[in-house]
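Here's the letter readout for the chains.
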Amino acid sequence: QKTGTSHGGPLGVAVSGGRGGGPGRGSSGVAAQAKRTGGGIQVGEHTGFLRMRGLPFSATKEDIAKFFENHNPVLDSIVLTYRSDGRATGEAYVGFETPEGSKSAMELHRKSMGNRYIELFLSNKEEHGRALTRFGNR
């Protein structure tokens, strides 16, 4: 019979407090911030590209440009993604004039657009390019 930390939660995720530090969410917010969440990486080297998740399905490139207006997004770089049936996924990729622009834009992580909170994740030129090739200039 096994005792101790359980690792048998849904999707193989630990159901205890994680790696030591006692039960609960850990003793520092840093560990929680640095971990890879279900949607991607939020801490690391900025390359000038971000991926957005949680967009309203009605969001437009103009809405995204306004969301990032103080962080110098490159308007022609905004790519909204779509399902195979043509419906919006609620995700988009955005390029910024500089890596510093994308880094400063991370302050908008979990800020709202309409009644939805937007999650931001690091991206890169290759990921952005794949989205641009697949979804073009819709």
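One structure accompanies this document, and this report is about it. Computed from a predicted model, the values in this text were never measured in an experiment.

A short note on the sheet that holds strand β5 (residues 116–122)
Right, so step 1: With antiparallel pairing, the 5 strands of this open sheet are ordered in space as β2-β3-β1-β5-β4. Bordering the open sheet on either side are β2 (79–82) and β4 (111–113), each of which pairs with just one other strand. Pairs of neighbouring strands in the sheet enclose a mean axial angle of 35 degrees, with direction left out of account.
Right, so step 2: Strands in contact with helix α4 (residues 125–135) are β1 (49–53), β2, β3 (88–95) and β5; relative to β2, the strand with the most contacts, it is inclined by about 65 degrees.

Quick look at the pattern of salt bridges
When their charged atoms lie close together, side chains carrying opposite charge are able to pair.
Right, so step 1: The final tally for this structure, using the stated rule, is 4 salt bridges.
Right, so step 2: For Arg51, the salt bridge goes to Glu91, with nearest N and O atoms at 3.4 Å. Residue Arg51 is found in strand β1, and its partner Glu91 is found in strand β3; the two are separated by 40 residues along the sequence.
Right, so step 3: Residue Arg51 is classed as buried on the basis of its relative accessible area of 9%.
Right, so step 4: Here Glu119 ties to Arg110 by a salt bridge, and the two come within 3.9 Å at their closest N and O atoms.
Right, so step 5: A cluster of three or more residues bridged by salt bridges with shared partners is formed by Arg53, Arg110 and Glu119.

Quick notes on the rules
Residues numbered from 1 in each chain as written. Predicted model: local features only at pLDDT ≥ 70, side-chain atom pairs only at ≥ 80, totals over all residues. Heavy atoms only, no water. Pairing = 2+ DSSP bridges. Helix = DSSP H or I, 4+ residues; strand = E, 2+ residues; numbered from the N terminus. Axes fitted to C-alpha atoms, helices over the stretch in contact; angles between N-to-C directions. Contact = heavy atoms within 4.5 Å. Salt bridge = Lys/Arg side-chain N within 4 Å of Asp/Glu carboxyl O. Buried < 20%, exposed > 50% of the residue type's maximum accessible area, 1.4 Å probe, protein only.

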